[in-house]
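Here's the letter readout for the chains.
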Amino acid sequence: MRYIEPHGHMVSRTTDDYEAMLTAGCAAVCEPAFWAGYDRSGVQGFYDYFCQLTDYEPKRAAKFGLPHFTWLCINPKESEDTALAADVLGIVPEFLERPNVLGIGEIGLNKNTRNEMKVLEQHIDLAMRHGQMILVHTPHLEDKLKGTRLIVDLLKADARVQPGRVIIDHVEEHTIQHVLDAGFWAGITLYPESKTTPPRAIDMFEVYGGQSVWLNSACDWGRSDPLAVPKTALEMRRRGHSDATIDALIYGNPIRFLSQNPRFHLR
Ligand SMILES: [Zn+2]
C-alpha cells in the first residue's frame, strides 16, 4: 500500500508516529498551520511556528525519508483577534517562498463570527495576490453546515478563485455535495470521534464518488490516529473495493490536487 497524508499536524506527533506512517506506506505528509491548543500571545509566536513548519519539521520528517510540506495562515479560532490576525497576515508572505510551502491554510471558520469572516476574506485576498492554493477548515458539529455555506459563498464571490485549486476539508454527509457541486475539492477527515469514522467515510465515497476527494487523519495532539488513512484503505479492501480504486483515492488524488503547486514532489 502507498498513500499520502495530506493533512497531519506532525508537530504534535512523535517519531514513533513517523515510523509507523512510513511502515504503512506513507509517501509524503502535508501540515496545515492550525490552533496550537492554546492562544498565542502575539505575532512572534506565529513567526516561530512558521519557522518550525518550514524548517525544523521538514528536517525531522526527512530523517525518516518522508517529504514534508506545509500551508500557512492564522487559524480561524485565533482570528477572532483581528489586530493579531493583521499582524500574522503581514508576516505570512515572507514565508511563502520557502521550498515546502504549498499555499494558504487551514483557513476557514470556527464559530462563524463576523471577525472570522473578515479574516477569512483577507486570507483569500492574500492567497490570490500571491497566486497560492487554499486549504479550508470547516467548523465543528452544529456550526458546520452554516459555516460551509458561508465559506463556499465567500470563495465564489471572489472571481480570482479557481475552485479546482481549493480544498474544503472536514466535509461530512450533509456538506460534501454542496462543496463538490461548487467545483471545489473535498477533504474527509478520519477521527475516532467527531468528524468522520472510516465506515462513514467509505459510505460517502460510495455515494458521492471519489473524483475530487481526499482522505486525511488530521492527526493532532487530541485523540486521533496517524494511521487512519491506511486503516480506512484496509476497510475499503474488506468491502470489496479494488486495489486500483483504493490507490487512486489515497495516493493518486492527493498527488493530483497538490501537484498543481510545482513545489510538491515525492522522493
Ligand atoms: Zn487541521
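Chemist: Would you mind showing me how to read the environment of T70 here?
Modeler: Tracing the sequence through the fold places T70 in strand β3 (residues 68–72). Spatially, the C-alpha atom of T70 lies 9.5 Å from that of P99, the residues being 29 residues apart in sequence. Each residue touching T70, except ones within four places of it in the same chain, is listed here: C30, E31, L53, T54, N100, V101 and L102.

Chemist: Help me understand the nonpolar core, please; the structure alone is not making it clear to me.
Modeler: Inside soluble globular proteins, nonpolar side chains tend to come together where they are buried. In terms of nonpolar packing, the biggest core is built from 76 residues, with L72, I134, V166, I168 and A186 touching the most fellow members. Looking at which element gives the most residues to this core, the answer is helix α9 (residues 243–258), with 6 residues. Setting aside its immediate chain neighbours within four residues, I134 contacts G103, I104, G105, I107, I124, A127, R165 and V166.

Chemist: Is there a simple way to explain the packing of helix α4 (residues 114–129) against helix α5 (residues 144–157) in this structure?
Modeler: In a packed pair of helices, the relevant descriptors are the angle between the two axes and the axis-to-axis distance. In contact at an axis separation of 11 Å, α4 and α5 are set at 40° when each is read in the N-to-C sense. Compared by their axis directions, α4 and α5 come out oblique. The chirality of how α4 crosses α5 is right-handed. Of α5, the residues touching α4 (which contributes M117, L120, E121 and I124) are L150, L154 and L155. Each residue belonging to the contact of α4 with α5 can be placed in one class, and the counts come to 6 nonpolar, no polar and 1 charged.

Chemist: Looking at this structure, how should I read the pairing of strand β8 (residues 213–216)?
Modeler: Two faces belong to every sheet, and in a regular strand the side chains alternate between them. Both faces of β8 are covered, namely the face carrying V213 and L215 and the face carrying W214 and N216. In terms of handedness, the path from strand β7 (residues 185–189) via helix α7 (residues 198–208) over to β8 forms a crossover that is right-handed.

Reading guide: rules and limits
Residues numbered from 1 in each chain as written. Predicted model: local features only at pLDDT ≥ 70, side-chain atom pairs only at ≥ 80, totals over all residues. Helix = DSSP H or I, 4+ residues; strand = E, 2+ residues; numbered from the N terminus. Contact = placed C-beta atoms within 7 Å. Core = buried A, V, L, I, M, F, W, Y, C linked by C-beta atoms within 7 Å. Buried ≥ 20, exposed ≤ 12 C-beta atoms within 10 Å, placed from the backbone. Axes fitted to C-alpha atoms, helices over the stretch in contact; angles between N-to-C directions. Parallel < 35°, antiparallel > 145°, perpendicular 65-115°, else oblique. Left-handed = near helix turned anticlockwise from the far one by under 90°. Nonpolar A, V, L, I, M, F, W, Y, C, P; charged D, E, K, R; others polar. Right-handed = clockwise from strand over helix to strand, strands pointing away.

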